[in-house]
Each structure stands twice: as structure tokens, then as C-alpha cells.
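Spelled out, the chains give:
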Amino acid sequence: MSHLIALPFVLPLLAGAVLVALGERARASRWVTGLASILGLVVAALLLRQVHDSPISYQLGSWPWPVGIELYADRTSAALVLLSAVVAAVATLPAVGYDAGRGRHFLALLQFQLAGINGSFLAGDLFNLFVCFEILLISSYALLVHGHERPPRAAIVYTVLNLTGSTLFLIGVALVYGATGTLNLADVTARLADLPADTRGFGLAGAWLLALVFALKSALLPLGLWLPSTYAVASPTVAAIFMLLTKVGVYALMRLYGPWLDSSAPLASVGQALGVAAAASALVGALLALASRSLRQLAGSLVLVSVATALMALSAGGERAAAAALFYTLHSTLAAASLFLVAACVARLRGKAGDDLTTSPPVTWRGGLVLLYFGIAVLVAGLPPLSGFIGKVGALEVLARTPNGAALVGVLLTASLLGLIATVRAGNALFLRSPAEASRAPAGSGARTTGGAAALMFGLSVLLTVFAGPIREWVDVAGTQIGSPRQLRSLSQAELLEEPRP
Amino acid sequence: MNFTWLPWLALFGALLPGPLRRLRIDPALVAGAVATLGLGLLIRTTPEVVVLGQTLKSSVPWVPSLGLAISLRLDGLGFLMCGLILGIGLLVVLYARYYLKPEEATGRFYGPLLAFMGAMLGIALSENLLLLVVFWELTSISSFLLISFWQFSTDARRGARMALTVTGLGGLALLAGVIWIGQIVGSYELTQVIEHADVLKAHPHYPAVLCLVLLGAFTKSAQFPFHFWLPHAMAAPTPVSAYLHSATMVKAGVFLLARCYPFLAGTELWFYLVTITGMLTLLIGSFLALFQNDLKGLLAYSTVSHLGLITLLFGLDTDLAPKAALLHLLNHAVFKASLFMAAGIIDHETGTRDLRRLSGLFKPMPVTATLAIVAAASMAGIPLLNGFLSKEMFFTETLDADDIFGRSWILPVGATLASVLSVAYSVRFVRQAFFGPPATGLEKTPHEPPRWLRVPVELLVLLCIAIGVAPALLVGDLIHAAASACVQGELPPYTIALWHGFNTPLVMSIVALIGGILVYARRERLFRGVEARLSVSQGRRAFEGIVAALVGSSQRLERALRLDQVTTHLRGLLACAVLVSAWLLLPALARVSPTNTSGDLVLWVLCGVALFALAGVLLKSERPLTAIVYSSIVGLAVTLTFAYLSAPDLALTQLLVELVAILLLLAAVPHFGLPPRDKRSSPVRALDGALALGVGGAVTIGCWLMLSTDVASISRYFLEKSVPLGQGNNVVNVILVDFRGFDTFGEVTVLAIASLGILALFDHLAQRQAPSDLRPRTPLFLQSVTKLLLNLALLTAVFLFLRGHNAPGGGFIAGLTAAVGLVFVYQARNPTGAPARRPASMSRWLAAGVLLAALPGVAAMLFGRAFLTAGHVHLPLPLVGEVHLSTVLVFDLGVFVVVVATVLAILPTLGRLPLGKPTAEEER
């Protein structure tokens with residue numbers, strides 16, 4: 001039996017516990033973090049290879065399906081696990097030396113959060129998904145206030161809002177369980193599509209509540225406006241890892257509703273709402289980007305746009321749409337994470353002024369950083385030739401086929417244009433307008449590592465661009481898995497009781 | 001190496017100048033080498049492409065799934081463009097080498113320049129339309145970098161942003177258009193698209209596609225009303241202006257018209273849109289050029305007008321119009337590049353480009369002046385120069401074209417008028433710069449430039465004359481091949497020649513020449529007052545107005561949303577939840593018949609108590625202590641309900657959770673400040689109230705509906721298999737530690753993380769203020785009682801823990817029990833809040849608990865079973881009898897440790913916190 005699928009959850013969790021036990025021993029903590037990153041990458045890569053041919057399912061505690069908790073990995077989950085391993089590994093590079101020294105248990109919390117993220121991508125069980133959400137959320141509350149003397153206002157907003165979201169999640173799970181009698185995600189999804197009349201009302205209400213919660217996590221309008229200001233107070237390295245949190249919401253939406261979006265099942269209406277909400281999100285996000293006062297806020301606003309782009313594509317329905325959404329998700333995570341890391345680099349170079357979009361004090365150590373910023377701006381704005389463009393073409397292509405294609409394409413391109421204006425304005429303020437004499441000062445504390453991490457993340461996007469062909473083909477298969485219902489055995493109660501333990 | 005290398009040569013070459021500078025290799029050398037090599041490659045294809053009119057193709061897949069391939073084609077049209085890009089590129093590199101200061105001529109200049117060259121070559125060679133968009137946007141980006149080269153100048157930055165925004169807009173429109181073409185045709189490959197031209201033109205989306213593509217072309221080629229960015233792009237160094245903003249990049253737009261000609265042109269819509277836009281641009285550009293005082297500004301508006309002319313030609317429906325357009329595309333590039341370079345030389349040697357300050361330059365710099373005069377004459381359309389040829393053809397085509405708006409005179413008259421203006425500004429350029437009295441007050445004394453700065457101009461002017469004299473010999477084949485590729489069909493026989501006899505176009509030329517000179521001579525009287533009004537570019541003002549309005553309204557939007565308020569977000573979330581529930585639950589409610597609602601008196605009473613206490617919590621929310629007491633009543637009622645409904649485990653858990661929660665809350669109360677005053681207006685309060693009722697109602701209805709339907713669920717499995725497979729009689733506990741042990745494992749981790757978070761957060765807060773000594777001491781009596789209580793609690797905990805698998809109890813409950821005892825002791829002994837242990841050591845216990853809980857799970861994996869699979873051992877022990885040992889016991893022990901450690905970690909931390917006031921500020 002291969003335990004590979006459990007490791008992306010178990011390993012970071014154990015690493016987190018070990019890091020807690022290590023306490024203040026910085027050197028040892030670095031080693032453990034590094035080891036965890038490397039192991040995480042290896043495990044994720046192996047998992048990716050393992051799901052290449054067919055999805056894998058793993059029954060925790062050796063209880064038969066659908067009673068026990070299932071871990072399930074298809075291409076989408078595996079891709080996202082690899083993505084989170086990569087983002088976490090790169091983003092912790094600068095965090096190890098810098099953030100870890102500014103408060104306790106930082107590295108441990110990062111590992112715990114990673115466990116929650118990976119768990120969410122692999123959860124084959126609705127309640128377990130809730131648990132994994134809790135793990136990543138509770139870590140995120142703690143990470144958000146890390147380095148702050150007292151919790152900033154946005155952190156309080158974030159915490160209260162998400163606690164409420166968790167409550168709704170729980171209510172949603174209860175309603176769905178009440179209607180379907182099962183908690184297995186695939187089982188639930190299949191049953192929700194075909195509910196008998198007497199349970200349909202509250203079952204669907206539960207499903208919709210879950211959709212709301214996922215929309216909240218993925219920062220979709222009208223529930224997503226917390227994101228820019230929240231990420232603007234997070235340490236930028238933390239914000240880079242937080243990029244994965246929105247993707248958990250996107251993934252959950254894909255997993256639960258993806259198979260039905262182009263069908264006549266009652267859940268298809270979620271897709272229509274999703275399309276409208278995402279379109280609004282894209283526009284408002286782009287406008288907020290124009291209004292942003294710091295680089296992190298800009299990046300956060302653009303996250304709204306990128307998530308909305310992926311979800312607009314998803315809402316078009318069907319396998320190709322799911323593939324487009326997944327590819328865009330991969331791209332946008334790397335892109336936004338690199339933008340946050342650049343913000344971190346700028347903040348560390350400028351000291352007190354941080355990453356505020358002001359001309360002075362000028363950003364020292366220019367040259368490479370300026371080039372990197374504009375490269376990332378191109379990436380984030382979806383300009384050719386980088387992966388943003390390829391992702392956008394994929395999204396546009398599926399949107400153009402929908403009945404409201406013209407409007408959706410128009411929204412997406414308008415948002416792109418506004419995003420471009422915003423990133424260029426920001427670069428103008430930070431880099432171009434500052435006086436010339438500030439050219440070659442030594443890098444500030446940790447700025448070099450942070451810049452390096454940003455460059456690395458950017459480099460990964462370039463790889464995503466160069467190998468877009470094979471990656472997109474791989475993702476196309478992932479799209480067929482997520483865009484159509486999973487084949488399930490349906491068991492009667494009596495048969496279930498006779499099921500042997502695996 | 002074949003033609004497919006052309007774009008990559010330049011694009012990868014763009015990466016070289018930076019690194020090579022370290023080796024002290026002149027970046028200009030790299031750029032020059034790339035351009036030369038490229039020209040060589042191109043010329044090698046002349047026999048096939050130009051002479052035989054073949055189309056060379058090659059394709060490498062990139063993203064096949066999206067239909068995006070690196071497909072390149074070299075036909076006559078592409079050859080013409082590539083020739084311009086490489087030829088003029090080479091001259092510009094040479095020019096820039098002597099124009100820029102040595103410290104400026106770095107990779108920062110040549111890098112983007114080469115990138116631009118590569119992107120432009122890519123546009124010219126793209127067979128795949130998506131690939132064309134890729135290169136298209138790349139030219140915008142590299143153009144941005146080049147315009148903002150002198151980044152410390154406001155004009156440069158502004159011009160760069162404006163150019164990027166406007167062409168970016170066009171690029172996005174083009175992308176949309178191309179995507180739709182792909183959807184209609186099923187391929188982005190040019191060959192396929194051309195094949196399906198009829199389908200495309202007949203498609204209902206054709207007008208939209210056409211508009212989008214034209215938007216792309218018009219913004220790039222600075223057509224009215226998007227022309228305004230081009231003059232502002234002149235803030236770029238002059239080599240850039242000469243290269244990008246006159247000879248090549250702006251030609252990308254008209255090149256696109258040529259590329260799309262076979263599959264988009266030929267309709268009424270195309271004719272009107274393109275012709276009218278071209279005509280307007282032609283007139284407006286040449287009119288505005290007349291009033292520019294900046295040499296480069298004049299040339300920029302002149303470029304705008306010439307681009308309009310080419311666009312106009314592509315709009316016409318005559319057979320030869322594309323040929324005329326392409327000839328003019330070539331001619332304009334040649335004479336305008338030389339004029340820009342000449343303007344750069346003047347700037348370089350006099351320190352100004354202001355026509356009002358320049359005068360009489362012929363004497364100090366006769367060679368440059370002669371060159372510029374010849375080029376300007378070509379621009380004005382004087383015979384024997386290349387500009388004359390294409391202008392003649394232009395006149396011919398306007399005469400042959402269809403009537404526009406039913407009037408046959410509009411096109412020829414407009415064309416003549418534009419030519420009049422064009423002659424007038426050419427004359428002005430020459431007259432004011434080179435003749436008249438010697439200029440005074442210049443920064444530098446004018447003199448001839450260094451030899452090599454002039455060579456590119458000399459070559460270009462030579463070309464002007466050569467083409468003008470022997471057009472058919474020099475460019476006849478090339479233009480024919482290009483035009484054939486453009487229309488994708490046979491062209492009527494036509495020879496480009498200097499002399500076509502005395503005909504109407506010649507008359508028009510003569511009229512233009514004489515009229516132009518007259519207009520220049522009488523300009524002051526003709527346009528009195530106009531100049532002042534044209535001083536500020538309307539386009540720029542509009543553009544900046546729009547951007548400022550956008551930014552302003554975004555900021556207002558951000559403020560209006562009140563994103564820093566918790567209530568904003570909560571209201572949104574809850575309102576959505578209520579709406580969704582109302583939409584789905586209310587219809588369902590109508591369908592359910594109220595059968596099972598009688599209930600039990602005890603439950604009704606408990607329910608009533610809970611509701612009453614809840615009201616107390618809400619009403620007394622300003623007095624935390626009272627509210628806590630009320631909330632404990634709610635908890636108690638819930639506990640009793642569980643007990644009454646025969647759920648001892650739940651009741652026990654609820655009771656203990658209540659206890660611990662209240663103890664912790666009480667410890668926290670002293671740190672609360674005053675609750676914030678309610679500042680909501682009454683309508684808002686009413687709305688909030690309605691929202692609260694809505695949420696409560698939705699949950700109630702949901703529960704009720706759920707409870708009044710019976711659904712077969714997995715729970716039966718748990719009940720039946722608990723004993724045989726789970727080895728435990730307490731189903732709840734078996735679910736917690738075995739069936740769904742993974743969830744418990746996760747939740748235990750959540751608990752541990754929460755305490756770690758609290759420890760980390762309060763670390764900061766606690767450090768700021770030492771604990772106060774003012775709190776009362778606990779009586780001795782309490783201290784001794786608590787000791788007893790602790791022992792009792794610990795004993796109970798052990799008992800509850802051990803029996804957990806078969807009877808109410810388990811790790812969680814036992815942990816809470818022990819914690820309650822410990823909390824009492826702690827409160828009794830440490831009224832001052834001094835920590836008994838350092839919280840750091842508690843975090844070790846938390847870690848230990850999590851690891852302990854994971855231990856049996858990991859062990860199972862080592863034994864080849866799934867994570868968290870339970871293992872059971874039955875040990876027959878002497879005296880004791882058979883003892884059932886299970887790995888879930890270890891798991892449960894982990895849970896126990898985490899729970900105890902959590903409580904013990906939080907409590908001392910609370911004690912170390914500063915009192916009251918700062919938190920009150922936070923609340924506000």
C-alpha cells in the first residue's frame with residue numbers, strides 16, 4: 001500500500017510539532033524547515049507521478065468507502081499539492097532568517113498551515129475538508145498577526161469573518177449530511193445532483209451555504225473584499241504563502257460543483273451565480289488595484305482579479321473550462337506570490353516607508369529589482385509572452401463560447417487593462433520617479449534573499465510559460481477528471497454493512 | 001539557419017548586452033551584429049520569396065491545446081517588413097552609437113531595442129494569429145521601456161505610460177478579436193483563416209471581430225482618435241523615435257491591416273471604417289503638424305498623417321490600393337527615419353529642437369541641411385524622390401475608389417487638401433530650420449556632426465533618391481511580391497514609374513505643391529488664433545482626465561465600501577446566507593407537513609430557559625460578567641438537553657467545555673475595556689436585527705426540515721460495527737478515535753495551533769507591561785481546598801480516560817476534567833497572575849501531544865496499514881484477567897495532553913496581560 005497521498009498532510013504536521021518542540025533553537029529550526037521543504041517537494045513530485053494514469057484513493061483508518069475518511073488525489077489535487085510545496089519552499093527561504101526572528105513559532109505555524117492546505121487539496125470527505133480548513137485558518141490567524149505588536153484592524157476583520165464562515169460551513173455540512181446521509185465528498189456531490197423532493201430544499205441550501213463559504217475563502221465578490229487590506233498587513237512572505245489559501249477555496253468550488261456546471265442539475269445554478277460574482281470581482285478588484293496605496297495592497301487587489309478570472313473560466317462549465325481554471329490558478333499563484341515577495345524586498349530595502357507607493361525614500365539596489373518588478377508586472381497583468389497570457393487565452397477561449405461570452409470577455413479584458421495601468425503606476429512611483437543618485441546602495445536586511453526568492457518564483461512562471469504546451473495537455477486531463485462526475489459504486493445499506501475493511 | 005531564426009536572434013540577443021558589458025564589449029556591436037546577421041538571413045531568401053513569390057512556412061508547437069503554435073511564414077509582405085526592421089534597425093544602431101552618451105549606451109538601451117526588433121520581426125513573420133498578438137504586446141512593452149529611457153523626465157514617464165496604455169488597450173481588443181476568429185474558424189493559423197474568409201465574413205460576429213481587430217491596428221498606428229500618444233512618445237531618445245515611432249512599430253498597425261486584408265477586407269463596413277478613419281487621421285495629422293514648434297513634434301504629427309494615408313489606402317476597394325499602401329509604407333519609413341535622424345543631429349549640435357529658436361542652420365551645417373531638405377522634399381511629394389511615387393499612386397486610387405457617402409469628390413479633395421498641408425509643413429520645417437538669419441542664444445554653436453552620426457542619414461537619403469528615380473528596378477519586384485501576399489491573389493499588371501503621362505493625379509500634385517507654398521506663406525493670416533488653442537494636446541488632456549477619474553473613483557469606491565469595518569463584511573456574508581436560505585428553504589417549508597412537532601414538555605422548558613438566558617446575554621452585553629453568567633445558563637440548558645436525550649458523552653463534554661470556557665473568560669474579563677458604544681442609526685439597527693432574525697430563522701427552518709425527513713445514512717454502520725470492528729462499546733468514542741480519528745487528529749492540531757497562536761500573540765502584549773501587584777490575594781482556605789479538588793479532578797480524569805472506549809469518557813473529556821482542576825489551583829495560587837511555568841514549556845507539551853496522537857497512525861503506516869488504522873492486542877494477564885490494549889489509547893492520550901496543555905498555556909498568558917485600557921482602544 002502506498003502511503004504517499006497521506007504524506008503531504010502528515011509530514012508538515014509532524015515537522016510543525018517538531019519545530020514547536022525545538023522552541024527557540026534557530027539553527028535546528030532552519031534545518032528542520034529546510035528538510036521539510038525538500039521532503040514536501042519530493043513527495044509532491046512523486047504524488048504527481050502516481051496520479052498520472054488514474055486518481056488514487058486512500059481509506060484512512062482502513063474503513064470501507066464511503067464510511068471512513070477518504071483521501072483522494074486526482075491530477076488537480078496533485079498539481080495543487082505540488083504548487084503549494086513549491087510556493088511554501090520558495091517563500092520560506094526569506095522567512096527563515098527574517099520573520100522567524102520576529103516572534104515565536106513562526107516556522108511551526110507555517111508548517112501547520114501547509115498541512116491544512118495540503119489536507120484540503122486531498123480531502124475526500126466533506127467534514128474532513130472542514131477540519132483541514134480549520135487547520136489552515138487557525139494558523140493563518142496566528143500568522144497574520146505575526147510580527148505585529150497588537151493585532152491590526154484588518155486581522156480582526158479577517159478572523160471574525162472567517163470564524164463566521166466556519167460556522168456557516170458547519171451548518172452547511174450538517175444540512176448536506178442530513179439530505180444525503182453521507183460525508184464522502186464524491187458521494188455527496190453525486191447525491192446532491194439528484195436529490196429526492198423531500199430533501200432537495202435543505203440539501204441544496206446546504207450546498208449553497210458551502211458555496212458561499214468557499215467563495216469567501218477564495219475572495220469572490222461580494223464576500224471577498226477583506227482580502228486586499230488583510231494581505232496588506234501580513235508579512236509579505238506570509239502573504240505569498242497565503243496565496244494558497246484562496247486557491248483552496250477555488251479548488252473546493254471546482255471539486256464540489258465542477259462536474260455539474262454545464263449540466264441541468266440544480267447545482268448548475270451555482271455556476272451562473274459564480275460567473276456573475278466573478279465578473280463583478282474582476283472589475284472591482286481591478287479598481288481597488290488602482291486605488292491601492294501599497295504594493296501589497298496592489299498585489300492583494302490583483303489577487304481578487306486573478307481568482308475571479310479562474311472562476312469565470314470555471315463557471316463556463318465543462319471539462320475544458322475546468323482545465324482553463326486550473327491552469328490559470330497555477331499561474332496566478334506563482335505570479336501573485338512573486339509580486340508579494342518583491343513587495344517584501346522593497347519593504348526591507350526602504351525600512352520604515354515599507355512598500356508604500358511613494359517616491360521617497362527611493363528604493364536602493366535597483367537594476368535587477370526594477371527589471372524583476374516589470375517582469376512580474378507583465379506576468380500579473382497577463383501580457384504576453386508569459387504564463388499570464390497563456391492562462392488568459394485559455395480563459396477567454398472558454399468564455400467566448402458561452403451565451404454571454406461578449407460581456408464576460410469584455411469584463412476580463414477591461415480588468416486586465418486596469419490591472420496593467422495600476423501595476424505600471426506603482427512601478428512608476430516606486431522605481432522610475434525616484435532620484436538618480438540612489439543607485440547602488442547595499443541591500444538591507446534579508447532583502448537579497450527575498451529578492452532572490454521573488455526571482456526564483458518568477459523563474460518558475462517562466463518555466464510554466466516555456467512548458468505551457470505539455471503542462472496544459474496534462475491539465476486538460478485534469479479538467480476532464482474535475483469537470484465530470486467521478487464514477488462511484490452505489491451501495492445499499494445492507495451491502496455497506498457487508499463491505500470488508502480494506 | 002533559416003528565416004525562422006530572425007525573431008529569436010534578436011530576442012535572445014536582447015539578453016546579451018548586459019552581461020557582455022562586463023567583458024567590455026560594446027553593446028552596439030552586439031546589436032549591429034544581430035541586425036547584420038538578420039539581414040543576411042533575409043536576403044538569402046530573396047530568390048524564393050521576392051522573385052518567385054513563394055511563402056516559406058515553419059511550425060513548432062507551443063501550446064497545442066490552445067491552438068497556440070510558433071508558426072512562422074515568410075512571404076513578400078513579411079519580407080518587406082523584415083527588410084525595413086532590420087535595415088533601418090542597423091542604421092539606427094549605428095546612429096545611436098554616436099548619438100547617445102557613452103554612459104547611456106548600455107544594455108538598458110540596447111536590450112529593449114533588440115527585444116523590440118525581435119518582437120517586430122515576430123509580428124512580420126507570424127503565421128499564427130495568437131503568436132502575432134504575443135509579439136504585438138512585446139513591442140508595446142519594449143516601447144514602454146525605450147520611451148521611459150530617460151526616466152527622470154516627467155514627459156518621458158508620462159509619454160511611456162500613455163503609449164503603453166493606449167497600445168495595451170488595442171492589444172487586448174486585438175486579442176479578443178483573434179480569439180473570436182479562432183472560435184469561428186477553428187484555427188488561429190493564417191492559412192486556415194484565409195481559407196475560411198467567407199465563413200468569417202458571413203458570420204454574425206464579423207462586425208464585432210472587425211471592430212476589435214481594427215481597434216488594435218488603429219491604436220498601434222496612432223489613428224484618430226488614438227493619435228495623441230505618438231507625439232508624446234517623442235520624449236524617447238531620437239534613435240528610438242526614428243526607429244519605433246516612425247519607421248517600424250507604428251507600421252505594425254498598418255501591417256496588421258495588410259495581414260487581415262484577405263479575410264476581413266472587402267466589405268462595406270471595412271471600407272467605411274478604415275477609409276474614414278484614415279482620411280480623418282490624414283487631415284488632422286497634417287493640420288496639427290503645421291503648428292508644432294518642436295521639430296520632433298512636427299515629424300510626429302506628420303507621421304500620424306502618413307499613417308492615416310496608408311490606412312486610407314487599405315480601406316479603398318480598388319485592386320491597386322494595397323500596392324500603393326505598401327509602397328508608401330516603405331517610402332515613408334525611409335524618408336521619415338532620415339528626417340528624425342536629421343532632427344536628432346540638429347538637437348545634438350544646437351541643444352534645442354524648438355523651431356522658434358532655430359534658424360539659418362544651412363550655413364554651419366550644409367551637408368546635414370541638404371540631406372534634411374531632400375528628405376523633406378520627399379515627404380512633400382516632390383518628383384524624382386520616392387515620396388512622389390506613392391503620393392501619385394495614392395491620388396490615382398482615391399480617384400478610382402468607390403464613392404463615399406454617395407459623393408465621388410470627397411476622397412480626391414480630401415487627399416489633395418492633406419497634401420497641401422503636408423507641403424506646407426515640409427516647407428515650414430526647411431525654411432525655419434535652415435534658412436533665415438543665423439540663430440542666436442543657442443546652448444551650443446552649431447556645426448556639422450561627427451562623420452558616423454551622419455552616415456545613416458546619407459544612406460537613407462540616397463535611397464530616397466534612388467527609389468524615386470528607378471522605382472521599378474529597385475523595389476518593383478519587392479512591392480509586387482508584398483502586395484500579392486497581402487491580397488493573396490493576382491494583381492493587375494502595373495509598373496511603378498516616375499512618369500505616367502499628364503493626368504489628373506499629376507494635376508493634384510501640382511495643386512498640392514502650389515497650394516502648400518501659398519498656405520505656408522499666408523499661414524499667419526489663415527490660422528490666426530488657432531495655434532494658441534492647439535498648444536495643449538486635447539488627446540493627452542482627455543487621456544489623463546480619464547485615468548485620474550478612474551483612480552479617483554476607485555479611491556472613493558474603496559472608502560465607500562468601508563472595508564476596515566468588521567460589520568461591512570459580516571453583513572455581506574450573512575445577508576448572502578439569508579438570501580440563499582430564503583430562496584431554497586421557504587419553498588421546501590411549504591411542502592413539509594408538520595407531523596413530528598408535538599415534542600416533549602421538558603425539552604420545551606429547556607428551550608425556553610436557553611432562550612431566556614440568551615436574551616440576557618444580548619441585553620447585558622455591555623457588562624461582561626453578567627453576560628458570562630447568562631451564557632453559562634445557555635450552556636447548562638444545552639447540557640441538560642443532551643443529558644435528557646440520552647447523550648451522556650455530549651452532555652459531559654458540553655459541561656466541561658462550558659466550565660473551562662467560563663473560567664478562561666473570567667480570567668480574561670479584567671483585560672476587556674469598555675465595550676464600544678453602539679453608534680448605529682436606528683434604521684441600521686433594525687436592518688441588523690432583521691438580518692439576525694433571518695439567520696436564526698434560516699438555521700431553525702433548516703434544522704426542522706432536516707429532522708422531519710429520514711434519510712438512510714452511514715451512521716448505521718457506526719452503530720453496528722463499533723463493537724465487532726472498533727472494539728468499543730462507546731460508539732461516540734469509537735467514532736472520535738477510530739472511525740473518524742483523522743478528523744479528531746486534525747481538530748487536536750487546531751487546538752494546539754490555537755494555543756501556539758495565543759502564546760505568540762500575547763508574547764508581544766505581555767512584554768509591554770509588567771503584571772500589576774494590585775490584585776487581591778486569595779484566602780488560605782481556598783488554597784487548601786483547591787489542592788484537594790485538584791487531586792480529585794486528576795483521579796476522575798484518569799478514570800474517565802481509561803473507560804472512555806466503552807463508557808462515556810475519553811481523552812478529550814478527561815483532559816478537560818484535569819484542566820478544570822488545574823485551573824482552580826492556578827487561580828488560587830497565582831492571583832497576581834505571575835506565570836507558574838513559562839508558557840514556552842507548555843508549547844513543548846502541546847508538541848508532545850500532537851506527536852503522541854500521530855504516533856499510532858504513523859506506526860500503522862510502518863506496518864503497511866493506512867494512516868491511523870487502529871491496532872488491538874488482547875493480553876491475558878495473570879490475576880487481572882484479559883486486558884484489551886489498543887493503539888487508540890495512545891492516540892487518546894495525545895488528545896488528553898493537548899487539551900490540558902492548551903488550558904495551561906492560555907491561562908498564565910492571560911494573567912500576564914496588561915489590564916483594561918489598551919484593549920479598549922483596540923475595540924474602538
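Just so it is clear, the model here is predicted, and its values are computed rather than measured.

### So, the confidence of the model for chain B
Low-pLDDT stretches of the model should not have their predicted coordinates read in fine detail.
Residue and element names in this part refer to chain B.
Next, step 1: Averaged over every residue, the pLDDT of chain B is 86; residues scoring 70 or more account for 94%.
Next, step 2: The least confident element of chain B is helix α39 (residues 917-923), whose mean pLDDT is 42; the most confident is helix α11 (residues 206-220), at 95.
Next, step 3: Across residues 769-775, confidence stays below pLDDT 50; counting only partners more than four residues off in sequence or on other chains, it has eleven contacts.
Next, step 4: Ignoring residues within four places in sequence, the model shows residues 916-924, a span with pLDDT below 50, making 18 contacts including any to other chains.

### Brief notes about the interface of chain A and chain B
Next, step 1: Each partner contributes to the interface: chain A provides 135 residues, whereas chain B provides 109 residues.
Next, step 2: Inspection of the chain A/chain B interface yields two salt bridges.
Next, step 3: At the surface where chain A touches chain B, the tally comes to 22 residue pairs in polar contact (both at pLDDT 80 or more).
Next, step 4: With 15 residues, helix α6 (residues 153-180) of chain A is the largest single contributor of residues to the side of chain A that touches chain B.
Next, step 5: The class makeup of the residues in the side of chain A that touches chain B is 84 nonpolar, 29 polar and 22 charged.

### Quick word on the pairing of strand β2 (residues 68-74) of chain B
Residues and elements named next belong to chain B.
Next, step 1: Counting buried positions over the seven residues of β2 gives seven, a clear majority of the element.
Next, step 2: Of the two faces of β2, the one lined by L68, I70, L72 and L74 and the one lined by A69, S71 and R73 are each fully buried.
Next, step 3: In the sheet, strand β1 (residues 56-63) pairs with β2 via seven bridges, with the strands oriented antiparallel. Residue V60 lies in a different strand from β2, and its bridge partner there is I70.

### What about a nonpolar patch on the surface?
Next, step 1: On the surface, W499, F502, V507, I510, V511, I514 and L518 of chain B cluster together to form a nonpolar patch covering roughly 730 Å² of accessible area.
Next, step 2: With respect to the helices and strands, the residue L518 of chain B is situated in helix α23 (residues 504-521).

### Some words on helix α13 (residues 238-247) of chain B
Because an α-helix packs 3.6 residues into every turn, residues spaced three or four apart end up facing the same way.
Next, step 1: Taken across its ten residues, α13 of chain B has ten buried, putting it largely inside the fold.
Next, step 2: All of the buried residues along α13 of chain B are T238, P239, V240, S241, A242, Y243, L244, H245, S246 and A247 of chain B.

### Section: unusual backbone geometry
Next, step 1: Looking along the chain, the bond that leaves P384 of chain A and enters P385 of chain A is cis, with omega of 0 degrees.
Next, step 2: Residue placement: P385 of chain A occurs in the loop between α14 (368-381) and α15 (387-400).
Next, step 3: Here the amide bond leading from F224 of chain B into P225 of chain B is cis, since omega sits at 5 degrees, within 30 degrees of zero.
Next, step 4: Structurally, P225 of chain B is set in the loop between α11 and α12 (229-232).
Next, step 5: Residues other than glycine seldom take positive phi values, yet H105 of chain A does so here, at roughly 60 degrees.
Next, step 6: Looking at the secondary structure, you find H105 of chain A in the loop between α3 (75-97) and α4 (106-122).
Next, step 7: Despite not being glycine, S646 of chain B has its phi angle at roughly 60 degrees, a positive value.
Next, step 8: Counting through the fold element by element, S646 of chain B comes out in the loop between α29 (624-644) and α30 (648-668).

### Focus: the nonpolar core
Next, step 1: Y257 of chain A together with W229 and F263 of chain B are the most contacted members of the largest nonpolar core, which has 483 residues in total.
Next, step 2: Per-element tally for this core: the top contributor is helix α13 (residues 319-350) of chain A, with 20 residues.
Next, step 3: Those residues in contact with F263 of chain B that lie beyond four places of it in its chain are L129, I181, L190, V193, I194, A197, L200 and K201 of chain B.
Next, step 4: The next biggest cluster of nonpolar side chains, apart from the first, holds ten residues, and it includes L496 and L497 of chain A together with F718 and V731 of chain B.

Rules behind the numbers
Residues numbered from 1 in each chain as written. Chains lettered and ligands numbered in written order. Predicted model: local features only at pLDDT ≥ 70, side-chain atom pairs only at ≥ 80, totals over all residues. Heavy atoms only, no water. pLDDT = per-residue confidence, 0-100. Helix = DSSP H or I, 4+ residues; strand = E, 2+ residues; numbered from the N terminus. Contact = heavy atoms within 4.5 Å. Salt bridge = Lys/Arg side-chain N within 4 Å of Asp/Glu carboxyl O. Polar contact = N/O pair within 3.5 Å; in protein donor to acceptor, adjacent residues only side chain to side chain. Nonpolar A, V, L, I, M, F, W, Y, C, P; charged D, E, K, R; others polar. Buried < 20%, exposed > 50% of the residue type's maximum accessible area, 1.4 Å probe, protein only. Pairing = 2+ DSSP bridges. Patch = residues over 30% accessible without salt bridge, like charges linked within 9 Å, V, L, I, M, F, W, Y side chains within 5 Å. Areas by Shrake-Rupley, 256 points an atom, 1.4 Å probe, with all protein chains shown as cover. Core = buried A, V, L, I, M, F, W, Y, C linked by side-chain atoms within 4.5 Å.

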